[in-house]
Every structure is written in C-alpha cells, then in structure tokens.
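Working through the structure, step by step
The chain contents come next:
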Amino acid sequence: MNKSAKLAELRHSLARYGLPNDRPAVPLGPAAVDTVLGGGLRPGALHEVFVRGWNAGGFAVLLAMLAAGTKPLFWVRPDYEAMEYGALSPQGLLELGGDPRRLAMVKVRGSADALSAASDILACPHVGALLLEMEGQPKCLDLVASRRLVLAAEESGVTAVMLRAGAVPEPSAALTRWQVASAPSSPADDDWGNPVFDAQLVRHRQGGLGHFLLRWDPEHGCFDTTDIGVVAAAPADRQAYPQARRAV
Amino acid sequence: MWLPRLPTDRLIRRHAARSDLRAPLVISQKANNALYVYALEARAQALGLHKGQPLANARAMVQPLCIVPADEKADAALLDGIADWCDRFTPLVSLDAPDGLFLDITGAAHLFGGEAAMLATVTKSIAGHGFAVQGAIATTSLAAHALARYAPATITPPGGEAQAVAPLPITALECDDKALRALRHAGLKTIGMVASRLSSELSERLGAGFVTRLKVMLGAEEKPLQPRRALPDLMAEQRFAEPIVTEEIIAASLLQLAQHLSTILEREGRGARMLEAAFFRTDGKVERIAVRTGEPLRDASVMLRLLRQRLDALADPLDPGFGFDLIRLEALLAEETNPVTISFDSNENGRRQIGFLVDRLAARFGEPRVQRFVPQDTHIPEAASVAIPAQDKDFDQQNWSLKRLSGDPPRRPLRLLEKPEPIEAGFPLAPDGPPRFFRWRQCRHDVARAEGPERVAMEWWRNRGLTRDYFRVETRDGQRFWIYRDGLYAQDKLEPRWYLQGLFA
C-alpha cells in the first residue's frame, strides 16, 4: 500500500477515534460540542459528571437518556442521594422528553452495593444506558473499580454515566469528565424554564476540552446553544452550593 | 397433637441447669383478682396439685414450690416454632391454641410408613425435643382434638369417629359450664350417651352451635382448618441421615433439588414464579429464603443462582447450628409457560434478558428496591406516579400524559423531595404572587423569575389539605425550583406557609 493511502486510512481512523462500526456516537446537538467529542457522546464508555448545585444532576440524566435511546435506562441510586436530592418524578422525566416506561430504578443502600449493581447491569448488552449516582467520595470507588466499569461497558456496549454530587474529581479511568453547574436562562427568553447548564469538559481521553453553555430542548430531544446570553462566572465560595463531602 | 405441659416445658428446657428449679415448677396466672395455677410440671401433678387450683392452696399443700408468672406470648411463639418444625411431616399445619397442633396428614402418611408409624414418629420427635406430647388421628379436627386429650394414641379408621369418641366424658366436648351442668342433670355422662339423643332435643336445650360441634366430633360434618402457610404447588426435599453443615454440601443438595423440580416442571409444562428454600435444623429452628422471578422459570442453574444471590445478600449468614437434617425446595407459585423457543425477534430476546437482569438484582437487593413506575390519575403531584417492584407487571402499556404544551418548558420538576420542605419566604409583591427571596436549607435564594400560580386543590373528599399555589422559580444564580404556598390568603390561613417540593433539571 502506498504512503498516501496509508496516511489517509490512519487519518480516517483517527477522525473516528476508533469507534466500531455498529456503535455510532450519540450527537448532543450543537456542532461545537459534537466536534470536540469526536462525533458525539461515545457509547460503551464511562462518562463522569461532577455537579455543583441542586439542579445540575439533570445534565447526567439527559446524557444517559440520549445514550439509551429506545433501549431501557437503568438508574442506580443510593438511599442518601434520594434523601438529599429528592426522588425521581417520572412525570418530570416525561416533560423533558424521556420515556418513563423505559426507566428502571434500583435503590441501593450504599456505594459498594451501587458498584455491584452497576457491574451486573453493564454485563447485559440489551441495556441502553446506566446512570450511576455515587454519594460523596467513597473509598471503594478507586482507579481499579472505575477501570472495571470501563471494561464492562466496552464489552457490552452499554453507556455508563456516573453522577457525582458533592465530590471533588479524583483519578479515574473514565473517558470524559464533565463539571456542570446550572446556569440562568437568557433574560430575553420568554419561554424560560428549559434546563440550562454551564458544562465544562475538563478531561477527555481521546480529544479536546471545552466549556459550553447548553440548553436542553425537550421537543427535539437535544441540546442547543442559541441565544442563551452571558454566563456569570461561577463564584468559588457561593453559599448556595453544597460543599464537597469528604471520604466515606 | 397436644402438648399438655407446654408452659412448664418451655421453662424447663431453657433453664435446665438452674438451681431453683429443683422444686416442682408451677405457673401462676391472675384471674378475678386472685392467683390460680395455670400450668404445672409432672412432679407437681404427682404431688396432688391440679390446674385451676388457687395458688394459696397449692403453696400450702406443697413446699417448697417454684412459682413463675404466665407468659402467654412466649408460649405462643414457642408453639409457632414447633409448628414450623412440624412442617417437615406435612405442609398443612395449623395451630390449635393454646397448646395443640393440627397436622393434616391426608396423603402424607404413606411417606412415613403408615398412619400408626407416622403418629409414633411425630410423637417421638416432639418428645425428643423435651416436650410432653400426646397425639391421635381422626378424620375431623374436633375428634382428633378430643381424642388426643382423653384417649391418646388412638387411630380411628375413616368413619369410625362415632365409635371412638363415644366413651369419652362430656368434658371432652369443651362447651360452657351451663351446658355441662344441663347435660349432667340429664344424666348424660359420655359423648355416646349424648349422641344417642335426638338432635332436635339437644338444639332446643343447648343451641344449634352445640349440635354442630357434636356433629363435627362424630365425624358427620367437617370444620375446615386454616393452614399456617399456603400449600406450595410443587415440592422437592432431601433428608440427611447425618446433619450437614458445610456450604458445599448445602449448595450441591440445593442444585439437586432444583434439578428435580425443574424436571417435574418441564413435564407439566409449567414454570415457577416464586421459590422458597426451607432449611430445617436439628435443634428445631427452620430458616427460609424466598425468591421471586418475573417470568416463569424452569432452568435449574438459574434457580440456583438466584438462591445463591439471596443467600449471599442475607444480613446474617445462614447459621446451620448443629446441622440441617432436611432441605426442601418449594415452588410456591407455578404458572403455565410456553416452551422456550429461540426467538428471532430481537426485541423479545432483549425483553427476556432484561427480565433476567431484574430478577438477579431483585434477588440480591430485595424485590421492593428494583422499581418501575406507573402513572396515577390524580392532580396531587406527589401521588402522580407510583413505584412498583419491577417484577410485578408489564410496564410497557402504561399511558403517560404530558402536562406542558408543545414547545413549552417543562411544567413538572425532575426530582420531587420525599416530603416538601418548609422555606422562609420573603413577602411577595402581590398577594397571589411568588416571594422575592426565600431561605432553604440554610441558604438564601433570590428569585429572578417566576411563573405561576398553578393552583392544585387537594382531594376534598379525603379531607387532605389546603389548596396549593405552585410556582416555578428561577433564582439569580440559575437554579430552578418548584415551590408552593400551602393555603390561600385570607381564606384558609392568615399566614400561609411556603414549601419547596421539587428541583428542576
């Protein structure tokens, strides 16, 4: 094979970041975000979402919803998160464009149970996506545990989204890491109320980083970035956010 | 079966080594403001005491005497335990309070070598645990009850109740004192004599209830029993001559039982939906674990895997004590199932795999912890949907309806707090309007935008609460909440309270 053909082939495979043919990336919506992600949210991988505030957890839910598509979505939830952040309202999920009929909720007692449920769910290839909520900084969630989740997700093709609230980022084997907070909607927007997120892609194993302001459109089931307006810089010591909890 | 000395046996078994039990044991109970003898030990009976005697008399007659107040709850619990243990003989065991048991041995007697052998086995086994016990076999429960107390070890042939019960004294009828006195007056001393009278005479004097009891006792009618546990559809059990303790043997025997059960299920074209494994310890305790599945199950290895998951997830591991001498696997609910065909429809296959995943998760964490949702037809937001264990029903057919209009932002929050939390709200600009700021969880939030009110009235027919005005608010730093005012100004309350119920995405 001559050099140019080989180069073209390499460039082509790099552009697709080695995605297998039957697992297309899930586009988030805005072109800027999708380019940075290499086509969209990569299925069969682990994505970490660190949130600040009471509302930003919805970003992880929406990512999981997009990744699941028409397949079932499993949500693993420790009891503490249910008490602190409230129980899921399927009606609310429906209003955002999700399908409550495809949702199964697994309530676990703590982090160890959550990880064992996650590994079971990631082993079944018919599951669309897994949303794993972890509380605080559990000791059992170390590099080895996250690598295990990554391998399981690769094997079966199930996308895993890990939602960490009240936690600081630590070393992990996840493909992407997001830091998300809720952002105010644009003052010019009369139909305010759709979720608006200030999302920072702070780590990406196979691509670039970025800082985006995304608004969810329930009608079309994707994000958009149109006329959102200026984001106030997130203050570091704002009273309104819960502080990170230390190791469990 | 009748355990005549259940209360004292309970105490003697437990405190066999205590020194103050060297004296004969008597249990006292208070009735009509005086203490009477409620139960007594064999030695005390030999010394001339009897039940129902005033305690003072008993103390005067025999010294020293060990007296303990009655504890009926503990006795009932012990009887429950013995009934659990008698499950090994037949699944239909019912209580005959306060100190007896009914075992329905229809169809089970041949497993123990005939009725006489079975009665001997049961009596010996219960006596081996330290209880005084007497038993009898009859076709009706009342006849067996009476025979066990007054003519133990009698086995009546079917239809022979009238003859067997005839020589018993009339106290065996266990009717009230007035009836007993009336019968004695009339000179009727045994049940046979009473039976020879016309039923019209008896019902006139003593009531129709008495006549029914007599008829049941004579075997002419039958009073049905209430078994303690539901009868399983299918059952496979294994007895061990030497009690087993090690885990590998327990697992191997469970696998064998599961295979046996699965062959029977396959033959009948059924699958099990509820499985229960019962472990009988030699010291009398029975441990049970139960597992449910969404689809009828026939595969032995899957059954075993679910049981192992449940065993591993137990808070206290299964304690064999001195060993298990009987392990039983019951299919409590078996349903018709179609033969498993390899389906080319990938949806069907996927659905089944998801069902197996849900079964595994439910076996590990408990059925109520794996949930799916059904909508409810109500305006009250916290009741708008209900979480149901995922194995219960088919969820794909539910109808969910949107609250918002097309193109509008969401009208219901993504998360609802379990209980609405009270917030301190700043005074609103308009009486019916949203507050300008509020304090929630020790943080102050300034309201930048608000939409509302959405008025939701509670169900007046249930008298459940005040009308709520819901507001969708966005604070200055971009957080979106769902708050409501509980009650209307000037109508329900002077100072209505504000609550925060939901968090939007």
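Residues numbered from 1 in each chain as written. Chains lettered and ligands numbered in written order. Predicted model: local features only at pLDDT ≥ 70, side-chain atom pairs only at ≥ 80, totals over all residues. Heavy atoms only, no water.

1. Some details on the packing of aromatic side chains
In the structure shown here, the tally under the stated rule is 16 aromatic pairs over all chains. Considering the side-chain rings of Tyr470(B) and Trp482(B), the 4.2 Å spacing of their centres and the 20 degrees angle between planes classify their relative orientation as stacked. Taken together, the residues Tyr470(B) in strand β15 (residues 468-475) and Trp482(B) in strand β16 (residues 480-486) connect sequence positions 12 residues apart. On the basis of relative accessibility, which here comes to 2%, the residue Trp482(B) falls in the buried class. A network of ring pairs unites the aromatic residues Trp54(A), Tyr85(A), Phe438(B), Trp440(B) and Phe481(B) as a single cluster. Across from the ring centre of Trp192(A), 4.6 Å away, lies the NZ or CZ of Arg472(B), which sits over that ring. (Phe/Tyr/Trp six-rings, centres within 6.5 Å; stacked < 30°, edge-to-face > 60°. Helix = DSSP H or I, 4+ residues; strand = E, 2+ residues; numbered from the N terminus. Buried < 20%, exposed > 50% of the residue type's maximum accessible area, 1.4 Å probe, protein only. Lys NZ or Arg CZ within 6 Å of the ring centre and 35° of its normal.)

2. Overview of helix α6 (residues 141-150) of chain B
Residue pairs spaced three or four apart in an α-helix point in one direction, given the helix's 3.6 residues per turn. Residues and elements named next belong to chain B. In terms of burial, α6 is largely enclosed, as 9 of its 10 residues are buried. For α6, every residue scored as buried is listed here: Ser141, Leu142, Ala143, Ala144, His145, Ala146, Leu147, Ala148 and Arg149. Taken together, the buried residues of α6 touch β4 (93-96), β5 (100-103), α7 (161-165) and α11 (208-217). (Contact = heavy atoms within 4.5 Å.)

3. Description of the interface of chain B and chain A
Contacts between chain B and chain A engage 58 residues on the former and 66 residues on the latter. Carbon and sulfur atoms supply 53% of the area that chain B and chain A bury against each other, a total of about 5500 Å² over both sides. Contact with chain A buries area across many residues of chain B, yet Arg369(B), Leu414(B) and Arg415(B) alone supply 14% of it, more than any other trio. At the boundary of chain B and chain A, one finds 4 salt bridges. Put simply, Glu133(A) and Arg415(B) hold a salt bridge, and the shortest N to O gap is 3.9 Å. (Buried area = accessible area lost by both parts, 1.4 Å probe. Salt bridge = Lys/Arg side-chain N within 4 Å of Asp/Glu carboxyl O.)

4. Examining the sheet that holds strand β9 (residues 324-336) of chain B
Strands pair in a sheet through their backbones, by hydrogen bonds, and they do so in one of two ways: parallel or antiparallel. All names here are of chain B. Strand order across the open sheet formed by 4 strands is β6-β9-β7-β8, with antiparallel pairing between neighbours. For this open sheet the edge positions go to β6 (234-244) and β8 (286-297), each flanked by a neighbour on one side alone. Averaged over all pairs of adjacent strands, the angle between their axes in this sheet comes to 10 degrees, without regard to strand direction. Summarising the sheet, strand β7 (residues 270-281) and β9 pair through 11 bridges and their orientation is antiparallel. Among the inter-strand pairings, Arg281 is bridged to a residue of β9, identified as Phe324. Most of the contacts of helix α13 (residues 300-312) go to β8, to which it runs at about 130 degrees, and overall it touches β7, β8 and β9. (Pairing = 2+ DSSP bridges. Axes fitted to C-alpha atoms, helices over the stretch in contact; angles between N-to-C directions.)

5. Examining the pattern of salt bridges
Residues and elements named next belong to chain B. In the structure shown here, the tally under the stated rule is 43 salt bridges over all chains. For Glu421, the salt bridge is made with Arg441, and the minimal N-O distance between the two is 2.8 Å. Here Arg441 lies in the loop between β13 (437-440) and β14 (443-456) and Glu421 lies in strand β12 (residues 415-425), a separation of 20 residues in the sequence. Classification of Arg441 as partly exposed rests on a relative accessible area of 23%. Residues joined by salt bridges that share partners form a network here, namely Asp80, Asp84, Asp87, Arg228, Arg229, Glu237, Arg239, Glu276, Arg288, Arg328 and Glu330.

6. Some points on unusual backbone geometry
Residues and elements named next belong to chain B. Backbone torsion omega between Gln63 and Pro64 reads -10 degrees, so that peptide bond is classified as cis. Along the chain, Pro64 falls in the loop between α3 (55-61) and β3 (66-69). In this chain, Gly452 is followed by Pro453 through a cis amide linkage whose omega measures -10 degrees. Tracing the backbone shows Pro453 in strand β14. Even without glycine at this site, Asn32 takes up a positive phi of about 55 degrees. With respect to the helices and strands, the residue Asn32 is situated in the loop between β1 (25-31) and β2 (34-40). A positive phi is found at Ala153, a non-glycine position, where the angle reads about 65 degrees. Position of Ala153 relative to the elements: it lies in the loop between α6 and α7.

7. Notes on the pairing of β15(B)
Residues and elements named next belong to chain B. Counting buried residues in β15 gives 8 out of 8 residues, a clear majority hidden from the surface. Along β15, one buried face is formed by Arg468, Tyr470, Arg472 and Glu474 and the opposite face, lined by Asp469, Phe471, Val473 and Thr475, is buried too. Note: β14 against β15, 7 bridges, orientation antiparallel. By the bridge assignment for β15, Arg449 is matched with Glu474.

8. With respect to the confidence of the model for chain B
Put simply, chain B has an average pLDDT of 83, and 95% of its residues get 70 or more. Scored by ipTM, the complex comes to 0.81, with pTM at 0.73. (pLDDT = per-residue confidence, 0-100.)

9. Thoughts on the nonpolar core
Grouped together as the largest cluster of nonpolar side chains are 58 residues, with contacts concentrated most on Phe59(A) and Trp178(A). Sort the elements by how many residues they give to this core and helix α3 (residues 57-68) of chain A lands first, with 10 residues. Among all residues touching Trp178(A), those that are not within four sequence positions of it are Leu28(A), Val33(A), Leu37(A), Glu48(A), Val49(A), Phe50(A), Phe59(A), Leu63(A), Ala199(A), Gln200(A), Leu201(A) and Phe212(A). Of all hydrophobic cores here, the second largest spans 35 residues; its members include Ala114(A), Ala174(A), Phe365(B) and Ala390(B). (Core = buried A, V, L, I, M, F, W, Y, C linked by side-chain atoms within 4.5 Å.)

10. Some thoughts on helix α5 (residues 115-128) of chain B
All names here are of chain B. Its 14 residues give α5 an end-to-end C-alpha distance of 20 Å, which sits within 8% of 20 Å, the value for a rise of 1.5 Å per residue. Every buried residue of α5 is accounted for by Met118, Leu119, Val122 and Ile126. Here the buried residues of α5 occupy an arc of 100 degrees about the axis, which is enough to place them on one side. Turned more than 90 degrees from where α5 packs its buried face, Lys124 and Gly128 sit exposed. (Expected span 1.5 Å × (residues − 1). Arc of directions from axis to C-beta.)

11. What about the packing of helix α1 (residues 6-14) of chain B against helix α4 (residues 72-85) of chain B?
All names here are of chain B. Their axes nearest at 10 Å, the elements α1 and α4 cross at an angle of 85 degrees. What the angle tells us is that α1 and α4 run roughly perpendicular. Residues Leu6, Pro7 and Arg10 of α1 form the contact with α4, whose participating residues are Ala74, Asp75, Leu78, Leu79 and Ile82. Looking at side-chain class alone, the contact of α1 with α4 contains 6 nonpolar, no polar and 2 charged residues. (Parallel < 35°, antiparallel > 145°, perpendicular 65-115°, else oblique. Nonpolar A, V, L, I, M, F, W, Y, C, P; charged D, E, K, R; others polar.)

12. Quick word on the sheet that holds strand β1 (residues 46-52) of chain A
What the 11 strands build is an open sheet, ordered β10(A)-β9(A)-β8(A)-β7(A)-β1(A)-β6(A)-β5(A)-β2(A)-β4(A)-β10(B)-β11(B); its pairing is mixed. Two strands close off the open sheet at either side, each with one partner strand: β10 (222-224) of chain A together with β11 (385-389) of chain B. Put simply, the sheet's adjacent strands are angled 30 degrees from each other on average, direction ignored. Of the pairings in the sheet, the one linking strand β5 (residues 129-135) of chain A to strand β6 (residues 159-165) of chain A comprises 7 bridges and is parallel in character.

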